[in-house]
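Listed here are the chains, written in short residue letters.
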Amino acid sequence: MDLQYTQEQLAFKGEIASFLKAKLPERLSERIRQGQDLTKADMEEWHAILNAAGYLSGGWPAEFGGAGWDAVQRHIFEDEMSKANAPRIVPFGLSMLGPVLQAFGSKEQQDHYLPRILNGDDWWCQGYSEPGAGSDLAAVRTTAVREGDHYIVNGQKTWTTLGQFANMIFCLVRTSKEGKLQEGISFLLIDMETPGIEVRPIVLIDGTPEVNEVFFDNVKVPVENLVGEENKGWTYAKYLLTHERTNIAGVGFANAGLENLKRIARLEQDGGKPLIENPHFAARIARVEIELMAMSTTNLRVVSQAAAGQAPGAESSMLKIKGTVVRQEINALTRMAVGPYAMPFASDALEDGSNAELVGPDYAAPVTGEYFNNRKLSIFGGSNEIQRTIISKAILQL
Amino acid sequence: MNFDLTDERQMLQDGLRRLLADSYTPAAHKAIEEGDTGFSADIWNSLAEMGVVGALFGEDDGGFAGAGFDLALVFEEMGRVGAVDPLIDTAVLGGGLVAALGDDGQKKLVDEVIGGGAQLAFAHVEPTSRYDLARVDATAAKAGDGYALTGRKAVVVNAPAAEHLLVSARTSGKAADESGISLFLVPAGAAGLRLRSYPLVGGGQAAEVTLDNVPAELVGPEGGAYEAIAAANARAVLAISAEALGLMEVIKDLTIDYLKTRKQFGVPIGKFQVLQHRMSDVALEVEQARSAVINLAGHVDAAPEVRDVHVSATKNLIGTVARLVVEESIQMHGGIGMTNEYELGHLAKRLTMVDHRFGDADHHLERFIALAVA
């Protein structure tokens with residue numbers, strides 16, 4: 001038992017911290033700190049900086065141009081990024097599709113797509129959910145029918161995050177109606193420029209068009225865009241979900257959120273004293289901080305198992321539940337902390353280049369939006385109820 | 001960063017787990033309940049022989065381990081069998097305080113404790129002090145070469161079996177001052193010392209202690225015992241938190257087994273999603289409790305300002321999770337969970353009482369706010 005990082009890990013941590021100090025543009029970290037939206041150009045700028053330093057692909061194996069970081073190093077990197085208010089890496093190409101292509105893609109697919117993910121030529125989005133396939137993902141009905149050298153794709157995907165910026169989408173499509181639902185699904189890479197694709201934004205309750213619907217009407221996709229084998233897509237999708245879950249606790253986000261909450265609670269006045277001195281409010285902050293302290297260690301226990309070569313299993317379901325509940329509580333407390341100034345609708349003012357004047361203190365503007373936006377945390381990536389079912393089957397064996 | 005046990009600790013864990021499994025039979029539990037010391041002398045002796053008491057002390061004090069992770073390991077195992085031995089009272093508190101403050105002559109008592117030959121109790125809590133460590137009303141007055149103690153001490157665990165009491169009393173200052181608190185050794189049977197003994201919920205024995213001009217021997221500096229008491233208290237919080245973790249683990253396992261075997265409506269009740277999800281939450285919170293114990297084990301010997309943040313964070317979380325585990329496990333067991341005969345009852349009572357020693361969840365939330373939030 002040793003809670004301290006090794007000398008090598010400390011050196012790595014120092015390297016990342018000094019890189020961020022030197023190379024993270026203050027304009028971007030300031031926007032993140034203030035809860036403002038980033039443009040596509042902002043995100044691409046940050047990816048390019050990370051890529052130039054070799055950090056964008058840090059978690060990829062060396063044979064695909066990565067640094068081969070282990071789980072502890074990935075954790076340290078993510079932790080330092082959050083602490084520095086760095087924009088988060090857009091995960092769809094890098095940590096979702098990348099590992100799937102590395103494990104199951106053809107040599108041609110790997111050679112073509114992996115470098116394009118790193119240098120920013122492609123912006124990927126994820127075509128998993130459908131109107132009738134949410135938690136029950138195996139119920140996808142979008143079809144891909146083989147005709148000569150092409151698949152003809154028809155159907156609809158939804159909740160496609162940042163699909164408005166993407167030029168490529170990886171999709172789960174139905175290629176067979178025989179047997180179990182899971183056995184007729186394939187994993188297909190589709191160019192968003194192909195005729196027959198239409199993207200419609202969905203405005204969420206915080207007022208942001210973060211997600212989209214994607215419609216496919218007789219879309220022709222070359223057969224070489226099939227990943228792995230036909231009807232084996234469910235296996236690849238599950239593999240992807242495991243990778244998606246390695247940073248599922250979001251400890252870095254929670255720490256940054258807690259720090260912001262305490263800062264606000266020291267500035268806000270309540271009965272002529274700082275709000276943080278209100279014993280009732282202080283107790284709410286203390287409870288969530290205590291949960292977060294324990295969760296950070298739960299996260300490190302899983303990270304350290306993963307670094308020792310054990311695949312993250314159902315323990316990541318526990319981290320998903322606890323991590324999202326803690327972050328949502330921090331969001332709720334932050335909304336409560338700003339009092340009446342939670343009420344002005346500030347969506348436009350938070351956009352890049354907006355000249356609109358904020359109402360109330362600048363820290364108050366994003367908090368209501370963030371509170372509503374982060375209700376998604378306990379819904380996406382397998383809702384917290386799905387996670388409980390996974391825990392009861394895989395760990396408790398009920 | 002490494003969460004694996006060292007080889008030495010793995011050996012200690014294996015040996016202790018075997019010893020406790022062999023010792024804590026249902027018959028042994030029953031005999032202890034019917035006896036008048038609150039524990040089994042045989043089991044105590046075999047624990048001492050195996051070196052379990054010594055594992056709670058550092059080499060400087062005649063032990064062989066004594067780090068936070070050693071305490072966590074030993075007490076988690078004790079919790080797993082619902083053990084009632086007064087290891088916290090005799091070793092962590094009593095032995096720990098004498099080791100920290102005693103002179104060479106007094107420290108011989110620590111060797112006796114490690115060898116299994118002495119029982120101690122720490123008489124600190126008073127009828128109105130609740131969980132406030134600095135609130136000491138008992139007084140010590142100079143009397144000849146020594147001191148004479150007067151006051152009342154409350155729920156002094158293991159006092160009925162103890163050959164010596166370690167008694168805190170005020171030699172100067174006001175009721176809640178940290179300075180002015182001194183520590184004294186009082187042999188059982190001293191003149192003016194009266195014990196009213198009783199059994200505790202969840203096992204063990206305690207006494208209400210009345211001191212009326214009791215002759216006593218000073219341990220450590222006059223008026224300067226507070227920091228040693230706070231340090232020993234921190235280690236006791238770690239010990240009881242780890243014990244609580246062991247209790248949670250075994251209660252969790254019992255409940256999962258019950259969900260798999262109990263049939264209603266023609267199926268094991270564990271097939272019902274409403275129970276699966278409740279059980280998943282219990283399992284998840286027990287993992288949080290394990291992390292909280294690890295956090296405190298890693299910081300229990302740190303500087304007081306760092307140590308005390310972890311003491312309060314951990315004890316608050318343990319108290320919160322303990323209540324969830326107890327109430328959910330009884331509820332999911334249904335009627336059988338209400339019976340005194342089924343083993344859940346003893347474990348649930350012992351786990352519930354954890355919140356009543358060394359500060360409950362609310363007490364530590366308030367401490368945490370003062371130390372880390374405000």
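Residues numbered from 1 in each chain as written. Chains lettered and ligands numbered in written order. Predicted model: local features only at pLDDT ≥ 70, side-chain atom pairs only at ≥ 80, totals over all residues. Heavy atoms only, no water.

**Observations concerning the overall build of chain B**
At step 1: On a plain count of helices and strands, chain B comes out with 11 helices and nine strands.
At step 2: Relative to a compact globule of 374 residues, whose C-alpha radius of gyration would be 21 Å, chain B shows 21 Å and is just as compact.
At step 3: By its C-alpha atoms, chain B is 80 × 50 × 40 Å across when sized along the principal axes.
At step 4: Buried positions account for 58% of the 374 residues belonging to chain B. (Helix = DSSP H or I, 4+ residues; strand = E, 2+ residues; numbered from the N terminus. Rg over C-alpha atoms; globule rule 2.2 N^0.38 Å. Buried < 20%, exposed > 50% of the residue type's maximum accessible area, 1.4 Å probe, protein only.)

**Remarks on the domain arrangement of chain B**
All names here are of chain B.
At step 1: Along its sequence, chain B is organised into domain 1 (7-114), domain 2 (120-223) and domain 3 (227-373).
At step 2: On a C-alpha basis, the centres of domain 2 and domain 3 stand 30 Å from each other.
At step 3: Contacts between the two partners involve 12 residues from domain 2, matched on the other side by 14 residues from domain 3.
At step 4: Contact with domain 3 buries area across many residues of domain 2, yet Y131, L133 and G202 alone supply 58% of it, more than any other trio.
At step 5: Seen at the junction of domain 2 and domain 3, the total is one salt bridge. (Domains from an automatic or database assignment. Contact = heavy atoms within 4.5 Å. Buried area = accessible area lost by both parts, 1.4 Å probe. Salt bridge = Lys/Arg side-chain N within 4 Å of Asp/Glu carboxyl O.)

**Observations regarding the nonpolar core**
At step 1: In this structure, A:F170, A:F187, A:I190, B:V74, B:L87 and B:M248 are the most contacted members of the largest nonpolar core, which totals 221 residues.
At step 2: The element contributing the most residues to this core is helix 7 (residues 226-261) of chain B, with 22 residues.
At step 3: Aside from chain neighbours lying at most four places away, what touches A:F170 is A:F92, A:M96, A:L97, A:W124, A:C125, A:Q126, A:G127, A:Y128, A:F187, A:L188, A:L189 and A:L240. (Core = buried A, V, L, I, M, F, W, Y, C linked by side-chain atoms within 4.5 Å.)

**Details of empty space enclosed by the protein**
At step 1: Taken as a whole, this structure holds two cavities of 30 Å³ or more when the rule is applied.
At step 2: Volume-wise, the largest cavity comes out at about 40 Å³.
At step 3: If you trace the largest cavity, you find it lined by A:T298, A:M318, A:L319, A:K322, B:L284, B:E287 and B:Q288.
At step 4: Mapped by element, the contributors of at least two residues to the lining of the largest cavity are helix 10 (315-337) of chain A together with helix 8 (273-297) of chain B. (1 Å grid on protein atoms, 1.4 Å probe; cavity = no way out; pocket = protein on both sides within 12 Å on 5 of 7 lines; lining within 4 Å. Points joined across faces, edges and corners; volume = space filled by probe spheres on them.)

**Quick look at the packing of aromatic side chains**
Residues and elements named next belong to chain A.
At step 1: Across all of its chains, the model carries 18 aromatic pairs over all chains by this definition.
At step 2: Ring geometry for W123 against F165: centres 5.5 Å apart, planes inclined by 80°, an arrangement best described as edge-to-face. Highlighted residues: W123 in the loop between helix 6 (107-119) and strand 1 (124-127) and F165 in the loop between strand 3 (150-157) and strand 4 (168-174), separated in sequence by 42 residues.
At step 3: Residue class for W123 comes out buried when judged on its relative accessible area of 8%.
At step 4: We classify F165 as partly exposed; its relative accessible area is 21%. (Phe/Tyr/Trp six-rings, centres within 6.5 Å; stacked < 30°, edge-to-face > 60°.)

**What to know about the domain arrangement of chain A**
Residue and element names in this part refer to chain A.
At step 1: One can read the domain layout of chain A as domain 1 (7-119), domain 2 (124-230) and domain 3 (250-396).
At step 2: A C-alpha centroid distance of 26 Å is found between domain 1 and domain 2.
At step 3: In this complex, domain 1 contributes 14 residues to the contact, which on the side of domain 2 involves 15 residues.
At step 4: Summed over both partners, the interface of domain 1 with domain 2 buries about 1200 Å², with 73% contributed by carbon and sulfur atoms.
At step 5: When the buried surface of domain 1 facing domain 2 is broken down by residue, F92, L97 and Y113 rank first, second and third, together holding 41% of it.
At step 6: Linking domain 1 with domain 2 are zero salt bridges.
At step 7: Across the domain 1-domain 2 interface, the total number found is three residue pairs in polar contact (both at pLDDT 80 or more).
At step 8: Elements with a contribution of two residues or more to the side of domain 1 that touches domain 2: helix 3 (40-52), helix 5 (91-104) and helix 6. (Polar contact = N/O pair within 3.5 Å; in protein donor to acceptor, adjacent residues only side chain to side chain.)

**So, the pattern of salt bridges**
At step 1: Counted according to the given criterion, the structure contains 41 salt bridges over all chains.
At step 2: Between A:K232 and A:E229 there is a salt bridge, and its shortest N-O distance comes to 3.4 Å.
At step 3: Between B:E76 and B:R290 there is a salt bridge, with the nearest N and O atoms lying 2.8 Å from each other. Here B:R290 lies in helix 8 and B:E76 lies in helix 4 (residues 68-80), a separation of 214 residues in the sequence.
At step 4: Overall, the relative accessible area of 9% leaves B:E76 in the buried class.
At step 5: Classification of B:R290 by relative accessible area gives buried; the value is 18%.

**Topic: the packing of helix 5 (residues 87-101) of chain B against helix 7 of chain B**
Residues and elements named next belong to chain B.
At step 1: At a minimum axis separation of 10 Å, helix 5 and helix 7 run at an interaxial angle of 155°. In terms of orientation, helix 5 lies roughly antiparallel with respect to helix 7. Handedness of the helix 5/helix 7 crossing: right-handed. Where helix 5 abuts helix 7, its residues I88, V92, L93, L97, A100 and L101 lie against A228, I229, A232, N233, R235, A236, A239, I240 and E243.
At step 2: A breakdown of the residues in the contact of helix 5 with helix 7 according to their chemical character gives 12 nonpolar, one polar and two charged. (Axes fitted to C-alpha atoms, helices over the stretch in contact; angles between N-to-C directions. Parallel < 35°, antiparallel > 145°, perpendicular 65-115°, else oblique. Left-handed = near helix turned anticlockwise from the far one by under 90°. Nonpolar A, V, L, I, M, F, W, Y, C, P; charged D, E, K, R; others polar.)

**Some details on unusual backbone geometry**
At step 1: In this structure, A:W159 is a non-glycine residue whose phi angle is positive, near 55°.
At step 2: Relative to the assigned elements, A:W159 resides in the loop between strand 3 and strand 4.
At step 3: Notably, B:N213 is not glycine yet its phi reads approximately 55°, a positive angle.
At step 4: Topologically, B:N213 is positioned in strand 7 (residues 205-219).

**Considerations on the environment of B:P304**
All names here are of chain B.
At step 1: With respect to the helices and strands, P304 occurs in helix 9 (residues 304-333).
At step 2: Overall, the relative accessible area of 32% leaves P304 in the partly exposed class.
At step 3: On a C-alpha basis, the gap between P304 and A216 in space is 29 Å, while along the polypeptide they are 88 residues apart.

**A word on the interface of chain A and chain B**
Frequently, the measure chosen for interface size is the accessible area that the parts lose on association.
At step 1: Listed per partner, the contact involves 40 residues of chain A and 40 residues of chain B.
At step 2: Across the chain A/chain B interface, buried area totals approximately 3700 Å², and carbon plus sulfur atoms make up 65% of it.
At step 3: For the chain A face of the interface with chain B, the top three residues by lost area are A:M1, A:R301 and A:L398, together amounting to 23%.
At step 4: Linking chain A with chain B are three salt bridges, by the criterion used here.
At step 5: The partner of B:E287 in a salt bridge is A:R301, and the shortest N-O contact between them spans 2.5 Å.
At step 6: The interface formed by chain A and chain B includes 20 residue pairs in polar contact (both at pLDDT 80 or more).
At step 7: Listing elements by their share of the side of chain A that touches chain B, those giving two or more residues are helix 8 (251-267), helix 9 (279-307), helix 10 and helix 12 (384-395) of chain A.

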